[in-house]
Amino acid sequence: PPPPPAPSRPLEKPRYSQGTSSQCLDSWKEERTRSEEDNEMNLPSLAAAYTTILRSLGEDPERQGLLRTPWRAATAMQFFTKGYQETISDVLNDAIFDEDHDEMVIVKDIDMFSLCEHHLVPFVGKVHIGYLPNKQVLGLSKLARIVEIYSRRLQVQERLTKQIAVAITEALRPTGVGVVIEATHMCMVMRGVQKMNSKTVTSTMLGVFREDAKTREEFLTLIRS
Amino acid sequence: MACQAAGEEPPRPCCNGYSELPSAEVRRALAQYRPEKRSREAAAEGGELPALEDAYLSILEGLGENPARQGLRLTPRRAAKAMQFLTKGYQETIEDILNDAVFDEDHDEMVIVKDIDMFSLCEHHLVPFFGKVHIGYLPIKKVVGLSKLARIVEIFSRRLQVQERLTRQIALAITEALKPAGVAVIIEASHMCMVMRGVQKMNSRTITSTMLGVLREDPKTREEFLTLIKN
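- Per an unreviewed UniProt entry, chain B is named GTP cyclohydrolase 1, and its organism is Chelydra serpentina.
- Turning to chain B, the UniProt record has this under Sequence similarities (unreviewed entry): "Belongs to the GTP cyclohydrolase I family."
- According to the UniProt record, the Catalytic activity (unreviewed entry) comment for chain B reads "GTP + H2O = 7,8-dihydroneopterin 3'-triphosphate + formate + H(+)".

- Under an unreviewed UniProt entry, chain A has the name GTP cyclohydrolase 1 and belongs to Chelydra serpentina.
- We quote the UniProt Sequence similarities (unreviewed entry) comment for chain A here in full: "Belongs to the GTP cyclohydrolase I family."

Now the structure itself:
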């Protein structure tokens, strides 16, 4: 029988280059930075941090409603950042098909939930993806899975949009990719400026979507209806 | 909740058909542990910000992120301040906001303030839930400034909450401030803990209500309230 996987080492070694916010765009193939064993190992310290938070906010962590909250909140936070455990290759490897199709493929209204990396507060919205295949198409749900991998992280909406577009580009080599995200940021709605109805729209256009205005316009019209 | 220090028996409220209001002990159990006094003192000394920041820093590390990267460098402080803002209801009391906005008016028809946006934190997962609050009451000689109803919602919602308790606290606070003939509070909310994780049901909404006094006993009054908030 194959030996069990070695548990990951605790997180004391630096694994990232400091200060560059774009390093995540370069190594999309090798991105897994967390494993299930890491999750289990880190759960107690996450729960302890949440207990401290409850106490510092003036609440009583011993009352009935809050007794298990540190564990629930820690598990929830690990779920909201499960994108760190997954790589694009896991999700895509067998769902790329050769098709002689060169018209636009659009998957729109993909619900997206992410965490703002500045305030650790959710931002939620919809992702619209379109691409012009170049002899290879992708299983449609894989587009939604790419969204999941990158959105279940601490994110900035601009970076999220670009990462999705770059991942599709590198997986399929299509003629062009367009990604539009329309989201509501709780950090703007629940606190700060408190603008209830504001939405943030970001987009990334690559390849022929960027160069050809008519293609881009077709994409934008089709996602609007 | 004007004069209830822990352990003190509040004065008997004027009855008005409120026999179903729980006794003082039950009400204390219903109300959350009341850290208002301690929080105010702590906040006056600069608050618990360093402890919160350290906690958030260890959360970032525990999630496998790199807290030294540019986007995350100040996140512990921002997240700590955001969390303090989202729980600022612990530092506020009803007396502060209500004391001078109760007016004598000879009005005994229903007063409704609806579609009050509400944002709160689920106490089980520390994840937001938000929605709308609809409040109606039948005054007896005393009305309250309309924005004070929204401020009461703010005080109780900016805490770690359970939607049922939030509804009841708002209703009880209005009752004790105004002694009206009846109070109704309905909250319709979407829970991110159900939408973003767990069962992941995108479009589900949770509705809770508290009816007190004549809005509880008289079905016609209750129906008038429910109809008026519908559209």
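### What about the interface of chain A and chain B?
Next, step 1: Listed per partner, the contact involves 53 residues of chain A and 53 residues of chain B.
Next, step 2: Carbon and sulfur atoms make up 68% of the surface buried where chain A meets chain B, a total of about 4700 Å² over both sides.
Next, step 3: On inspection of chain A and its partner chain B, the count reaches 2 salt bridges.
Next, step 4: The closest approach of N and O atoms between Glu117 of chain A and Arg69 of chain B, which form a salt bridge, is 2.8 Å.

### With respect to the sheet that holds strand 7 (residues 200–207) of chain A
Residues and elements named next belong to chain A.
Next, step 1: If you walk across this open sheet you meet the 5 strands as 5-2-3-6-7, and the pairing is mixed. A single partner strand is all that each edge strand has here, and the edge strands are strand 5 (154–155) and strand 7.
Next, step 2: Alignment of strand 6 (residues 176–185) against strand 7, held across 8 bridges, turns out to be antiparallel. Pairing of Gly178 across the sheet is with Met205, part of strand 7.

### A few points about the packing of helix 6 (residues 146–157) of chain B against helix 7 (residues 163–178) of chain B
Residues and elements named next belong to chain B.
Next, step 1: The geometry of helix 6 relative to helix 7 is characterised by a closest axis approach of 10 Å and an angle of 135° between their N-to-C directions. Between helix 6 and helix 7, the crossing angle belongs to the class labelled oblique. Viewed along their axes, helix 6 and helix 7 form a crossing whose handedness is right-handed. Seen from helix 6, the contacting residues are Leu149, Ile152, Val153, Phe156 and Ser157; seen from helix 7, they are Leu166, Gln169, Ile170, Ala173 and Ile174.
Next, step 2: Residues that form the contact of helix 6 with helix 7 fall into these classes: 8 nonpolar, 2 polar and no charged.

### Topic: the pattern of salt bridges
Next, step 1: For the structure on display, the rule yields 17 salt bridges over all chains.
Next, step 2: The salt bridge partner of Glu123 of chain B is Arg63 of chain A, with a shortest N-O separation of 2.8 Å. With Glu123 of chain B in the loop between strand 2 (111–122) and strand 3 (128–138) and Arg63 of chain A in the loop between helix 2 (36–56) and helix 3 (69–80), the pair connects residues from two separate chains. Arg63 of chain A carries the same exposure label as Glu123 of chain B, and that label is buried.
Next, step 3: A salt bridge links Glu92 of chain B to Lys88 of chain B; the nearest nitrogen and oxygen atoms lie 3.8 Å apart.
Next, step 4: Judged by its relative accessible area of 24%, Glu92 of chain B falls in the partly exposed class.
Next, step 5: Overlapping salt bridges bring together Glu59 and Arg63 of chain A together with Glu123 and Arg165 of chain B as one network.

### Digging into the packing of aromatic side chains
The geometry of an aromatic ring pair comes down to the distance between the two centres and the angle between the two planes.
All names here are of chain B.
Next, step 1: The final tally for this structure, using the stated rule, is 3 aromatic pairs over all chains.
Next, step 2: Considering the side-chain rings of Phe119 and Phe130, the 6.2 Å spacing of their centres and the 40° angle between planes classify their relative orientation as tilted. Within this pair, whereas Phe119 is found in strand 2, its partner Phe130 is found in strand 3, the two being separated by 11 residues in sequence. Of the two residues, Phe119 and Phe130, neither departs from the other in class, the shared state being buried.
Next, step 3: Above the ring of Phe85, the side-chain terminus of Lys88 is found at 5.2 Å from the ring centroid.

Procedures and definitions
- Residues numbered from 1 in each chain as written.
- Chains lettered and ligands numbered in written order.
- Predicted model: local features only at pLDDT ≥ 70, side-chain atom pairs only at ≥ 80, totals over all residues.
- Heavy atoms only, no water.
- UniProt positions renumbered as here; feature names shortened; annotations may be inferred.
- Contact = heavy atoms within 4.5 Å.
- Buried area = accessible area lost by both parts, 1.4 Å probe.
- Salt bridge = Lys/Arg side-chain N within 4 Å of Asp/Glu carboxyl O.
- Pairing = 2+ DSSP bridges.
- Helix = DSSP H or I, 4+ residues; strand = E, 2+ residues; numbered from the N terminus.
- Axes fitted to C-alpha atoms, helices over the stretch in contact; angles between N-to-C directions.
- Parallel < 35°, antiparallel > 145°, perpendicular 65-115°, else oblique.
- Left-handed = near helix turned anticlockwise from the far one by under 90°.
- Nonpolar A, V, L, I, M, F, W, Y, C, P; charged D, E, K, R; others polar.
- Buried < 20%, exposed > 50% of the residue type's maximum accessible area, 1.4 Å probe, protein only.
- Phe/Tyr/Trp six-rings, centres within 6.5 Å; stacked < 30°, edge-to-face > 60°.
- Lys NZ or Arg CZ within 6 Å of the ring centre and 35° of its normal.

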